[in-house]
Amino acid sequence: KIRAYGLSNETAWGAMRYLAEHERQPETARAATIQNPYSLLNRSYEVGLSEVSLRENLPLLAYSPLAFGVLTGKYRHGAMPAGSRLALFERFKRYSKPQGFAAVERYAQIAAEAGLSLTALSLAFVNDRPFVASNIIGATTLEQLAENIDSAAVTLSPDVLEAIDAVHAEISNPCP
């Protein structure tokens, strides 16, 4: 028996259709979560879907919060580490756009001024959103895992959040 299920890569309209179907047939399972991409480089979830999440109790399981590792800083200044996702999977161009790299440089500066790593800033931002239930992290080393987990204890100041929003206003969703 299906008690609940999650949606993935869904739109606001699609999510509302699933919820309406449950209302029509309350004996059926209700969508419990939605798993979509969400990061500093892709905040498109905020347009429509965040409202659905909050008003309809359909929390986000944010995937790719570090944008294939781009928000760790390992690809800064044209670097392409051997064995990295972008090196291994060249067909995935979503996070390899010039505007994305420009935004990363700005976010890295904000992180440095706040005394944080770019990774910690990026994950703490996702963790801070009220519509996020879980931040789907990925790590290939114990050091990366520790840094990812430690980001749960990071609280971004209003000044840092304001600086992040200023970058987003100028370079909005460069990697949707």
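Keep in mind it's a predicted model, so treat the numbers as computed, not measured. (Residues numbered from 1 in each chain as written. Predicted model: local features only at pLDDT ≥ 70, side-chain atom pairs only at ≥ 80, totals over all residues. Heavy atoms only, no water.)

Engineer: Explain the packing of aromatic side chains to me, please; I cannot follow it from the model alone.
Structural biologist: Each pair of aromatic rings is reported with the distance of its centres and the angle of its planes. Inspection of the entire model under this criterion finds six aromatic pairs. With 6.5 Å between their ring centres and 70° between their planes, tyrosine 38 and tyrosine 45 make a pair best called edge-to-face. Under the relative-accessibility criterion, tyrosine 45 is labelled buried at 2%. (Phe/Tyr/Trp six-rings, centres within 6.5 Å; stacked < 30°, edge-to-face > 60°. Buried < 20%, exposed > 50% of the residue type's maximum accessible area, 1.4 Å probe, protein only.)

Engineer: Is there a simple way to explain unusual backbone geometry in this structure?
Structural biologist: The phi dihedral of asparagine 57 is positive, around 55°, even though this residue is not glycine. Along the chain, asparagine 57 falls in the loop between helix H2 (49-56) and strand E3 (60-63). Take asparagine 57: its relative accessible area is 58%, and that puts it in the exposed class. We note that serine 64 has phi near 60°; this positive angle belongs to a residue other than glycine. Here serine 64 is to be found in the loop between E3 and helix H3 (85-88). (Helix = DSSP H or I, 4+ residues; strand = E, 2+ residues; numbered from the N terminus.)

Engineer: When you look at the pattern of salt bridges in this model, what are you seeing that I'm missing?
Structural biologist: One side chain can pair with another of opposite charge once the charged atoms of both are near each other. For the structure shown, the criterion picks out seven salt bridges. Of the charged contacts, one joins glutamate 21 and arginine 24 as a salt bridge, the two residues approaching to 2.7 Å between their closest N and O atoms. On the criterion of helical spacing, the pair formed by glutamate 21 and arginine 24 is a turn pair, its members being three residues apart in helix H1 (residues 12-24). Here aspartate 128 and arginine 129 are joined by a salt bridge, their closest N and O atoms 2.3 Å apart. (Salt bridge = Lys/Arg side-chain N within 4 Å of Asp/Glu carboxyl O.)

Engineer: What's the story with the pairing of E3 in this structure? I'm lost.
Structural biologist: The side chains of a regular strand alternate, first on one face of the sheet and then on the other. Because side chains alternate across E3, one face comprises the buried residues Leu60 and Ala62, and the other comprises Leu61 and Tyr63, none of which is buried. Bridging between strand E2 (residues 30-37) and E3 involves four bridges; their strand directions are parallel. Residue glutamine 35 lies in a different strand from E3, and its bridge partner there is leucine 61. The parallel pair E2 and E3 is bridged by H2, and the resulting crossover is right-handed. Relative to strand E4 (residues 132-135), E3 runs parallel, the two being bridged by three bridges. (Pairing = 2+ DSSP bridges. Right-handed = clockwise from strand over helix to strand, strands pointing away.)

Engineer: Teacher, can you tell me more about the side chain of serine 53 here?
Structural biologist: Examined against the element boundaries, serine 53 turns out to sit in helix H2. Engagement of the side chain of serine 53 in a polar contact is seen with the backbone oxygen of leucine 58, the distance being 2.7 Å. Not counting residues within four places of it along the chain, the set of residues in contact with serine 53 comprises Ile34, Tyr45, Leu58, Pro59, Leu60 and Phe131. (Polar contact = N/O pair within 3.5 Å; in protein donor to acceptor, adjacent residues only side chain to side chain. Contact = heavy atoms within 4.5 Å.)

Engineer: Can you walk me through the packing of helix H5 (residues 118-128) against helix H7 (residues 158-170) in this structure?
Structural biologist: When two helices pack together, their arrangement is given by the angle between their axes and by how far apart the axes lie. Axis separation between H5 and H7 bottoms out at 12 Å; the angle between their running directions is 95°. When the interaxial angle is binned, H5 and H7 end up roughly perpendicular. Of H7, the residues touching H5 (which contributes Leu121, Phe125 and Asp128) are Val160, Leu161 and Ile164. Here the contact of H5 with H7 is composed, by residue class, of five nonpolar, no polar and one charged. (Axes fitted to C-alpha atoms, helices over the stretch in contact; angles between N-to-C directions. Parallel < 35°, antiparallel > 145°, perpendicular 65-115°, else oblique. Nonpolar A, V, L, I, M, F, W, Y, C, P; charged D, E, K, R; others polar.)

Engineer: Any chance you could explain the packing of helix H4 (residues 98-114) against H7 here in plain terms?
Structural biologist: It is the contact of H4 with H7, at a shortest axis distance of 10 Å, that shows an interaxial angle of 170°. Viewed along their axes, H4 and H7 adopt a mutual orientation that is roughly antiparallel. On H7, the residues touching Ala103, Arg106, Tyr107, Ile110 and Ala114 of H4 are Val160, Ala163, Ile164, Val167, His168 and Glu170. Residues that form the contact of H4 with H7 fall into these classes: eight nonpolar, one polar and two charged.

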